[in-house]
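What the coordinates show
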Amino acid sequence: NTIIMNILLITLFFQLTHWSAAFVKSPVAYNKQLVISSPLRIATNNVVEDELAVRKKELLNLLGRNNDSLEEGGVVDPVLCDPVTKEPLRIVSKISGPILFGESKGKLVEMQSSSNKYSGSSETFFNLLNPIDESESAAENQSLLQQASRQLSPFIPPPLRSVLSFAGIDESYIPMRDLFTSPTVSYAYERGWRQGFAQAGFPGAEREFVMATEYFAPALQDEDNVVVDMSCATGLFTRRFAAKDAYARVLGCDYSESMLTECRRRLKEQNLPESLKKTHLDLVQLDVGQIPMKDSSIDVLHAGAAMHCWPDLDGAISEIHRVLKPGGRYFATTFLSTYFSTLNRNNDESTPVTQMAFQNFESTDRLKELLVRNGFDSDKTFLEVLGNACVVIRCEK
């Protein structure tokens, strides 16, 4: 009897070793091979299913989704898409191996279409501006001189910018857009820069937020509504939309990594999004001329003091019109060109728009023409001027 008992124990030991090795190597594949024929195997099967459920829940939580539809290859984002091809994006966890007992190594993800891969994290932002280049071993580093020169370029008259070519300033640098990639500008934005807009007639963040939310209200009746704060900068309005905790999803979007970094820091200071009960909040790095969002996928879009910084205005407005749902609304503020007369006085008709400090909007008529030719109905497009140079735009799709 002792011999038989020892043989049984040895056999059970090797069987358990086999099961453990198979589970660590491939918990998903092993789960499919399990044949439930004993209490021990039932328990093992339940552990595998529990850990898969944990991973599934993490992916769904990244998107603020409450349903249980996990498609093969990851979770399909209901709004975000490949900025170039407009294909759906699948959110795939970058964590290797099983998430044992609910513990994970972070919230890094890959966002994949059939053409491109993008990286991101719910702790920082999703980078839908630059696809992952797996052939690059490291990003190219710029010298301090190059960085400083690029940040000063918007304030240098175009004829003199060629002098800076030795520092790496070329035609790919677009002052009105790339100025805001500077950490210095990101730091200063809510420390005096934005407040200075009052001189042009801007109503201030609190009043503009009230104006925007009042205009948006009729378009936000669906439970799964989506609010986009485009060119969100440091999150002056993103924080307000999120803190209201009245919308299903808020997306703060900007071209600048340094702006999004500062935005995330300020969100954390207000315990956002941890304190929210309803609203799911994400930050996205993107180009407004190639918005990585599906057709007719968002309810409202806000762009505060932003349009004068968009190099491709027709591309941006047509993209905004594309992503809004029928009945969706666009609220924006921007400057008339008189506010930038000093900065742009050295430009002439031969100066490329991409080398100007900011866009020149001579009148509300020009702005309305821009909006209408890119899809918005003239009868549903309204502009007003506050003070001497602040334009408020309201459009409905």
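**Some thoughts on the overall build of the chain**
Scanning the chain from N- to C-terminus turns up 13 helices and 12 strands. Within the span of the chain, comprising 397 residues, buried residues form 46% of the whole. When the accessible surface of the chain is totalled, it reaches about 19,900 Å², and 54% of it is carbon and sulfur.

**Overview of the pairing of strand β2 (residues 88-93)**
Here β2 shows a buried face lined by L89, I91 and S93 and an unburied face lined by P88, R90 and V92. Bridge analysis of strand β1 (residues 75-81) against β2 gives 3 bridges, and the strand direction is antiparallel. Bridging from a neighbouring strand, V76 pairs with R90 of β2. Where β1 hands over to β2, the hairpin turn is made up of 6 residues, of which K86 adopts a positive phi near 65°. Of the strand pairs in this sheet, β2 and strand β3 (residues 108-112) are connected by 4 bridges, and their pairing is antiparallel. By the bridge assignment, I91 is partnered in β3 with M111.

**So, the sheet that holds strand β6 (residues 226-230)**
Here we have 12 strands laid out as an open sheet, ordered β1-β2-β3-β4-β5-β8-β7-β6-β9-β10-β12-β11, and mixed in their pairing. Looking at which strands have only one partner, the edges of the open sheet turn out to be β1 and β11 (381-386). Sheet topology places strand β5 (residues 126-127) next to strand β8 (residues 280-285); 2 bridges connect them, and they run parallel. When the bridges of β8 are listed, N127 appears paired with Q285. Set on the sheet, helix α8 (residues 205-216) makes contact with β9 (298-304), β10 (324-335), β11 and β12 (390-396); between it and β10 the angle comes to about 160°. Docked against the sheet, helix α10 (residues 257-269) engages β7 (249-254) and β8, running at close to 160° with respect to β8.

**Some words on the environment of R90**
Its location among the elements puts R90 in strand β2. Judged by relative accessible area, which is 29%, R90 ranks as partly exposed.

**A short note on the nonpolar core**
The biggest cluster of nonpolar side chains holds 85 residues, and the ones touching the most others in it are M230, M293, M307, W310 and Y330. Top contributing element to this core by residue count: α8, with 6 residues.

**Brief notes about unusual backbone geometry**
Following L272, the chain continues to P273 via a peptide bond in cis, the omega torsion being 10°. Although it is not a glycine, A233 sits at a positive phi angle of roughly 55°. Mapped onto the elements, A233 comes out in the loop between β6 and α9 (238-243). Unusually for a residue other than glycine, A305 sits at a positive phi of about 50°. With respect to the element layout, A305 can be found in the loop between β9 and α11 (313-323).

**A short note on the packing of aromatic side chains**
Within the structure shown, the criterion is met by 10 aromatic pairs. Both rings, one in F216 and one in F331, keep their centres 6.4 Å apart while their planes meet at 80°; by these two values the pair is edge-to-face. Of the two residues, F216 is situated in helix α8 and F331 in strand β10; the sequence distance between them amounts to 115 residues. Both residues of the pair, F216 and F331, count as buried. Here the aromatic residues F209, Y215, F216, F241, Y247 and F331 are joined through ring pairs into a cluster of three or more. The ring of Y187 is capped by R191, whose NZ or CZ atom sits 3.8 Å from the centre of that ring. Directly above the aromatic system of Y215 lies the positively charged group of R329, at a separation of 4.5 Å from the ring centroid.

**Some details on the packing of α11 against helix α13 (residues 364-373)**
The N-to-C vectors of α11 and α13 enclose an angle of 55°; their axes lie 8 Å apart at closest approach. Taken together, the axes of α11 and α13 are oblique relative to one another. The two elements α11 and α13 meet at a crossing, and its hand is right-handed. Two secondary-structure elements touch here, α11 through L313, D314 and I317 and α13 through R366, L370, L371 and R373. Here the contact of α11 with α13 is built from residues that sort into 4 nonpolar, no polar and 3 charged.

**Quick notes on the pattern of salt bridges**
Per the stated rule, a full pass over the model turns up 19 salt bridges. Among the salt bridges present, the one from R191 reaches E262, with a minimum N-O distance of 3.5 Å. Of this pair, R191 sits in helix α7 (residues 183-193) while E262 sits in helix α10, placing them 71 residues apart in sequence. Judged by its relative accessible area of 11%, E262 is buried. Through salt bridges that share partners, E190, R191, R239, E262, R265, R266 and E269 make up one connected network.

Definitions and limits used
- Residues numbered from 1 in each chain as written.
- Predicted model: local features only at pLDDT ≥ 70, side-chain atom pairs only at ≥ 80, totals over all residues.
- Heavy atoms only, no water.
- Helix = DSSP H or I, 4+ residues; strand = E, 2+ residues; numbered from the N terminus.
- Buried < 20%, exposed > 50% of the residue type's maximum accessible area, 1.4 Å probe, protein only.
- Areas by Shrake-Rupley, 256 points an atom, 1.4 Å probe, with all protein chains shown as cover.
- Pairing = 2+ DSSP bridges.
- Contact = heavy atoms within 4.5 Å.
- Axes fitted to C-alpha atoms, helices over the stretch in contact; angles between N-to-C directions.
- Core = buried A, V, L, I, M, F, W, Y, C linked by side-chain atoms within 4.5 Å.
- Phe/Tyr/Trp six-rings, centres within 6.5 Å; stacked < 30°, edge-to-face > 60°.
- Lys NZ or Arg CZ within 6 Å of the ring centre and 35° of its normal.
- Parallel < 35°, antiparallel > 145°, perpendicular 65-115°, else oblique.
- Left-handed = near helix turned anticlockwise from the far one by under 90°.
- Nonpolar A, V, L, I, M, F, W, Y, C, P; charged D, E, K, R; others polar.
- Salt bridge = Lys/Arg side-chain N within 4 Å of Asp/Glu carboxyl O.

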